[in-house]
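# Overview (structure and organization)
This is what each chain is made of:
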Amino acid sequence: TNVAEPFEARNSGGGEERRTMADLQQHAKTLETADDVERRREQVLSRYAQFKEAARVRRTKLQDAKRLQQFRRDADEIEAWINEKLQTASDESYKDPTNLQGKLQKHQAFEAEIAAHSNSIVSLNKTGREMIDTGHFASISIQERLDELAKLWELLLARSQEKGQKLVWAQKRVEFIREVEEVQSWVAEKEIVASSEEFGKDLEDVEVLQKKFDDFLKDLTANEVRVNHVNSSAEKLIGEGHPEAELIQTRTEGLNEAWDRLKELAAARQEKLAGSYEVQKFNRDADETKAWISEKDLALSTDDYGRDLASVQALQRKHEGLERDLAALEEKVKTLNSDAATLVAARPVSANDVKAKQAEIADAWTNLKAHAALRKKKLSDSNDLQQFLVDYRDLMAWINGINSLVSSDELAKDVGSAEALLERHQEHRSDIDAHDPSFQAFASFGQQLLSRGHYASPEIQEKLDAVKAESEALEKAWEARKSRLDQCLELQLFNRDAEQAETWIAQRESYLASEDVDETLDGVEALIKKHEDFDKSLVAQEEKIAQLQEFANQLIQSRHYDAPAVAERRAAVLQRWSALKAAINARRSKLGESQSLQQFQREAEEAEAWMTEKLQVACDESYKDPTNLQGKLQKHQAFEAEVSANEERIFGVITMGQGLLDSRQCAGSEAEVQKRIAALEEEWDELLGKSSEKSQKLKEANQQQQFNTGVKDFDYWLGETEALLKSEDYGKDLASVQNLLKKHQLVEADVAAHEERIRDLNSQAKKFVDEGHFDAPSIREKQDAINKRYGQLKELAGARRAKLNDSSVLQQFFRDVDDEESWIKEKKLLTSSDDYGKDLTGVQNLKKKHQRLETELDGHEPRIKAVSETGAKLMSTNHFAGPQIQSRSDDLATQWEELRSLSSVRAGKLDDSLAFQQFSASLDEEESWVHEKQALVSSEDVGDSLAAVQGLIKKHEVFETDFAVHKDRVADIEQQGDALVKQGNYQTSVIRQRIGGVKLKLDSLGKAAAGRKGKLNDNWVFLQFNWKADVVESWISDKEAQVKSDDFGRDLSSVQSLLAKQENFDVGLQTFANEGIHNLTSLQDELVAARHAQSAAIKRRHTDVIRRWEKLLKDSEARKAKLLRSQEQFKKLEELFLLFAKKASAFNSWFENAEEDLTDPVRCNSMEEIKELKDGHTQFIGSLTQARADYKQLAALDRQIKSYNVSTNPYTWFTMEAIDDTWENLQKIIKEREADLSKETKRQERNDEMRKTFAQHANGFHAWLTETRAFLVEGSGSLEAQLEAVKSKVIEVRKRRDALKKIEDLGAQLEEALILDNKYTEHTVLGLAQQWDQLDQLGMRMQHYLEQQIQARNTTGVSEEQLQEFH
């Protein structure tokens, strides 16, 4: 409000005035003299200088007055603020214990506020001093005002400090009382736990209780820090002269008494739990031992004494292993007895329970040993029984095997097989006799067992009776089988003779059945000659049939088992023999008649074949094929000459047939001969007629060919022209329609030119019809068709011209429609645009463009109407494309309406866009402000001094006022946006999104502002310092004694207990480190960083405390390391116990399995099986390396355990001595197993050699059989030579019987050795014997057959070749 400023400002613009004065002076030159002007100028300049000096003086005075008023205003404000704060500093709110922390924080803020205003006081003093120093006209009043403010300021500082001290004392008292009450409440709660009388019902319960009690002790140790802290706090408060020191002392003593009581209860409960653990551990060991005894007793109580010899022996081996387990178990029982005596002496309270448990174990152990002895005896008896049963099964198996052979229903199918079966049956007799000693030994062993009173005597007696009964049944079966086989041999001899007779008859029957009267002359003559030879062989066979009949009668009279079949076969042979003789007589008469008839049939067939061939030529319609008609005429003339030349031969055949009819030599085929003669005559007449008819038609066909050529050409032209006129192509556009009209004019001219040609064709067709042409109907048909198609062609031409004219009009209309649709489509692109402007200016420009578009639409509407009216006119004339015209007209109208609609819609959306852009402009301004202020509230600068913080808070308050204003603006903009949404603005989603976005940003800004305000208030909070070094040092002194203890445990349990205590101690250290040391260090760091006045002393004290703390940590770590080493030593011993127990159990299990496998009987049936067993044994020997390593490892573990000088292993009853015995026993079993395998290998090698020997003889013998059979069957040469060769072979066959006997002996040896299979051959003794017998019979039959052939040849005179034909 400096009034001089405008004046000076006006003066400062003197340049303009000077220019005016210069003008006046210039003007004055014309009015006055130079002296006048100079004088006048000096006067004016002098007055102007005086005016400027007066303005400067006034400006100085006004500035001094302004500074004085500003000083007074600032002094009044500071005085009012100090008086207000004096009232706050003088209240007694510290007397109310509620919310002391909040009050203390408020006071700290109050002190910070006072400290912040110290700058105002300093600034005001500086301002006043400057005014006094510059000789201000009000210097005295300024000094007085400064002195008053200084006194008020000192009073405010004193009152503030006093109130702060009282608040701190009040807070410390409340915190102490609360901490004491919390610790006392915790102690009371833990006294309930420590005084509990629950000590567990079993070992698991005790372990759970011990674990809980360990946790309790840890908790106890951890909370000792709290008790010590209370004592330390009480001492400090009393030492500081707290006004309520007496109350603090009383509460501290009460807490210490409760703490001592709790520790006494905890020690008593710890001792009781340890005693309960010992008792429960004994109970668990006793229960486990009892369970092991029960388990072994259960194993001994089983009724399983083995199902066979191998299982009994395995059970005996298992029982031996069980007895070894019992030896280890006995050691465990002794250990329990020793532990029981110790417990009875140490724990009299539990003595009765311990003695009862000990008695139970003693009774169970006595029963177990008795059961073991009883089972051992029963297993021995079971072994004898199983040995007896093995012999029984072997004998019964042999009886069943031989019985199946003796009782077999197998009967031979031929003589050789029957003889072989008889011989084999006799061998069975020898085998039965050889087994008599085995039966006697079995009966003797059974009687011994019965005399000893074996527990299975009934079963033994039953088996003895069964063997005796089966032996007697075997004798009876052998006798019955012997009788049956004798009858079988007789039957096979009869069947062999009957089969030979039937074979001979069958050969003759097949000859008579297959070779009926031949239909050819040569065939009939050959049959007549063969029939004469057949009659001669019939006489020789008559005698053999009579001998067969006599042998059959003998079998029937002797009551043979198959007598009905013998009688039936005898009757069948005799019946076939009678039928054969009757058939031969009938065939002889039939052959004579057939010879004459076949002569006629052959000549008639040749004549018929020739006439049929020529009739096909005469009947063909080659004249209908217009090609090469002249050549066909010449060929037909030659054909007619050939027919005339064969007339005499045809009538000769007819005469021969008529002669057969007259002499009745047609062999019953008279009707067939008569029919054939008539057919020859009929075919001859038909051949002559067809030849004449074909000649005439060939001439007419030549004329028709010329007519057809003309019709074909005209028809081709009609087809082409019709295709053009029937085209559905009437043009796809205006240009194509005009081209089609021009082409149609040319077609019409061509149609008119062909009218003369069709008249010529009609004239020629009329001539053919009048002359009676053979194909007249076809010619008439072609004429009518051509005329009809020509008329239709002219109608097609007229119709096509009319449609092309209509198409021309239609295409013109379509072109107009296409032009309009193209224009509409172009405008649609404009009206369909999604561009409604990206800013306000853009929207306004788009609205102007749209207005021009609507004007253009109004101007184009008459043309649209004109095109639509053209379409309506075409529709009114029933145009052929009416539906298409209607569709295009409707489409055009629809597109025009769509264009109008799109234009209207775009106009509305442009209006909406204008409103939206106006809305967006307002929203952008608010978003810009939010973005600008976001940087302010996101600042991490919260002030590094109270004054800076106060300034930032004031700035933040200004921001909050501004924020409220802009929040109201955003609300107004939101209402504006909601109005646009309700109006259906097309940017509704964007509007909502923008409003939501700005609201989110505004909310984010508000949250950030609130966060910043919180940070400023937090930084405003005053930091207090509460030095706790005495509490920390007192706590460290208490703990130093604990870490110096020399107690490191006497066993694993005690070491683990000490480690648990040490861990609790470490937890206490960690807790104290986090609470006491960390807080102490943090406070020290904060105070040093804040440049506290006592920073040097704080550093020295903190260094001393940290040095003692680090020494305590090192001592604790050293004690824990020693405890861990002790624990590791005891753990290693426990691990050795467990490892030895685990490996000993696994080794014993492995030994039992190995023992069971090694003691299995070695019995094989082949080299492969013994090889598998030896390979398995080799693998087992290879696996002994691991077992030996396990054995050595057990020995090493045992030595390690013994090096600790401890008692027996509590986890197993296996001792190293027992394992040594087991290992030595295993070596003995291995040697026995290897001996058994070696013995069985030799046996299998002998068996394999026997197989190979048998296979060599059997394969060679079979090859000889095959070769000899082929020789006998495929004989060649004369009958005498063949007979000599057969006799020689028969002698050789008989000599080879010794080779077969050798094979049978080898087979018997194989059976004796129980060798049932042979991989080296597929042949058996029985099969080879049957084949040898069949070969012997074949030789005899061949010898007999050749002798008969020679006899027949010599008797009948028939040659060998003719005899061969009949066989």
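Criteria and thresholds
- Residues numbered from 1 in each chain as written.
- Predicted model: local features only at pLDDT ≥ 70, side-chain atom pairs only at ≥ 80, totals over all residues.
- Heavy atoms only, no water.
- Helix = DSSP H or I, 4+ residues; strand = E, 2+ residues; numbered from the N terminus.
- Buried < 20%, exposed > 50% of the residue type's maximum accessible area, 1.4 Å probe, protein only.
- Contact = heavy atoms within 4.5 Å.
- Areas by Shrake-Rupley, 256 points an atom, 1.4 Å probe, with all protein chains shown as cover.
- Salt bridge = Lys/Arg side-chain N within 4 Å of Asp/Glu carboxyl O.
- pLDDT = per-residue confidence, 0-100.
- Core = buried A, V, L, I, M, F, W, Y, C linked by side-chain atoms within 4.5 Å.
- 1 Å grid on protein atoms, 1.4 Å probe; cavity = no way out; pocket = protein on both sides within 12 Å on 5 of 7 lines; lining within 4 Å.
- Points joined across faces, edges and corners; volume = space filled by probe spheres on them.
- Nonpolar A, V, L, I, M, F, W, Y, C, P; charged D, E, K, R; others polar.
- Phe/Tyr/Trp six-rings, centres within 6.5 Å; stacked < 30°, edge-to-face > 60°.
- Axes fitted to C-alpha atoms, helices over the stretch in contact; angles between N-to-C directions.
- Parallel < 35°, antiparallel > 145°, perpendicular 65-115°, else oblique.
- Patch = residues over 30% accessible without salt bridge, like charges linked within 9 Å, V, L, I, M, F, W, Y side chains within 5 Å.
- Lys, Arg positive; Asp, Glu negative; His and termini not counted.
- Charge placed at Lys NZ, Arg CZ, Asp CG, Glu CD.
- Left-handed = near helix turned anticlockwise from the far one by under 90°.
- Expected span 1.5 Å × (residues − 1).

### Remarks on the overall build of the protein chain
A tally of regular secondary structure across the protein chain gives 33 helices and 0 strands. Burial status across the protein chain gives 37% buried among its 1367 residues. Sequence-distant contacts, at least 24 apart, represent 86% of the contacts inside the protein chain between residues at least 6 apart. For the protein chain, the exposed surface amounts to about 78400 Å²; the carbon and sulfur share of it is 50%.

### Topic: the pattern of salt bridges
Throughout the structure, instances matching the rule amount to 16 salt bridges. With a shortest N-O distance of 2.6 Å, Glu1168 and Lys1319 are connected by a salt bridge. Taken together, the positions of Glu1168 in helix H28 (residues 1167-1203) and Lys1319 in the loop between helix H31 (1297-1312) and helix H32 (1325-1356) put the pair 151 residues apart, joining distant regions of the chain. In the salt-bridge network here, residues are joined through shared partners; they are Asp76, Glu79, Arg145 and Glu148.

### Considering the confidence of the model for the protein chain
Note: predicted coordinates in regions of low pLDDT should not be interpreted at a detailed level. Per-chain confidence: the protein chain averages 75 in pLDDT, with 86% of residues scoring 70 or above. Here residues 1-31 scores under 50 on pLDDT; set against residues more than four positions off or in separate chains, the count is 18 contacts. Taken together, the stretch residues 1018-1027 has pLDDT below 50 and engages in 28 contacts with residues farther than four places along the chain or on a different chain.

### Thoughts on the nonpolar core
One finds Phe1254, Phe1261, Trp1264, Leu1265, Leu1328, Trp1332 and Leu1335 to be the most contacted residues of the largest nonpolar core, which totals 26 residues. Elements with a contribution of two residues or more to this core: helix H29 (1216-1273), helix H30 (1279-1295), H31 and H32. The residues touching Trp1332, leaving out its near neighbours within four places in the chain, are Phe1261, Trp1264, Leu1265, Val1293, Arg1294, Arg1296, Arg1297 and Leu1300. Of all hydrophobic cores here, the second largest spans 24 residues; its members include Leu1133, Phe1147, Leu1184 and Ala1187.

### Some words on empty space enclosed by the protein
Summed over the entire model, instances satisfying the criterion amount to 7 cavities of 30 Å³ or more. Roughly 70 Å³ of volume is contained in the largest cavity. What lines the largest cavity is simply Arg324, Ala1144, Phe1147, Asn1148, Phe1214, Ala1218, Ile1219 and Thr1222. Every element with two or more residues in the lining of the largest cavity is listed here: helix H27 (1095-1158) and H29. In the lining of the largest cavity, the residues fall into 5 nonpolar, 2 polar and 1 charged. Contributing to the lining of the second largest cavity are Ala314, Arg317, Lys318, Glu1152, Glu1155 and Glu1156.

### Quick look at the packing of aromatic side chains
If you walk through the whole model with that rule in mind, you get 3 aromatic pairs. Measuring from centroid to centroid gives 6.5 Å for Trp81 and Trp153, while their planes differ by 25°, and the two rings are stacked. In this pair, Trp81 sits in helix H3 (residues 34-89) while Trp153 sits in helix H5 (residues 139-194), placing the two residues 72 residues apart along the sequence. Each member of the pair, Trp81 together with Trp153, is buried. Residues Phe1261 and Trp1264 carry aromatic rings whose centres are separated by 5.7 Å and whose planes lie at 35° to one another, so their mutual orientation is tilted.

### A few points about the packing of H28 against H29
As a packed pair, H28 and H29 sit with axes 11 Å apart at the nearest point and diverge in direction by 170°. By the angle between their axes, H28 is roughly antiparallel relative to H29. Residue composition of the contact of H28 with H29, grouped by class: 16 nonpolar, 3 polar and 11 charged.

### Some thoughts on the environment of Arg67
Inspection of the secondary structure puts Arg67 in helix H3. Each C-alpha atom of the pair Arg67 and Gly128 lies 9.6 Å from the other, and the pair is 61 residues apart in sequence. Setting aside residues no more than four positions away along its own chain, Arg67 makes contact with Glu130, Met131 and Thr134.

### With respect to a negative patch on the surface
Residues Glu253, Glu257, Asp260 and Glu264 make up a contiguous surface patch of negative charge. With respect to the helices and strands, the residue Glu253 is situated in helix H7 (residues 245-300). A residue is classified by how much of its surface remains accessible, and Glu253, at 43% relative accessible area, is partly exposed.

### Remarks on the packing of helix H9 (residues 351-406) against helix H11 (residues 436-451)
Closest axis-to-axis distance for the H9/H11 pair is 11 Å, and the angle between their directions is 150°. One element, H9, and the other, H11, form an angle in the roughly antiparallel class. By crossing handedness, the relation of H9 to H11 is classed as left-handed. When H9 is examined against H11, the residues Asp384, Gln387, Phe388, Asp391, Tyr392, Leu395, Trp398 and Ile399 are found in contact with a partner set consisting of Ser438, Phe439, Phe442, Phe445, Gly446 and Leu449.

### Quick word on H31
Spanning 16 residues, H31 covers 22 Å between terminal C-alpha atoms, matching the ideal 22 Å at 1.5 Å per step. Every buried residue of H31 is listed here: Arg1297, Leu1300, Ile1303, Glu1304, Leu1306, Gly1307 and Leu1310. At the exit of H31 stands Leu1314, carrying a positive phi of roughly 60°.

### Quick word on the environment of Gln143
Looking at where Gln143 falls in the secondary structure, it is placed in helix H5. With residues up to four places along the chain from it excluded, the contact list for Gln143 reads Arg129 and Ile132.

### A word on the side chain of Arg1251
Mapped onto the secondary structure, Arg1251 falls in helix H29. Residues within four places of Arg1251 in sequence aside, it is in contact with Asn1165, Ser1166, Gln1244, Leu1310, Ile1315, Asp1317, Asn1318 and Tyr1320.

### What to know about the environment of Ser868
Inspection of the secondary structure puts Ser868 in helix H21 (residues 840-876). Taking the relative accessible area as the measure of exposure, Ser868 reaches 29% and is therefore partly exposed. Residues Ser868 and Arg888 lie 20 residues apart in sequence; the distance between their C-alpha atoms is 9.3 Å.

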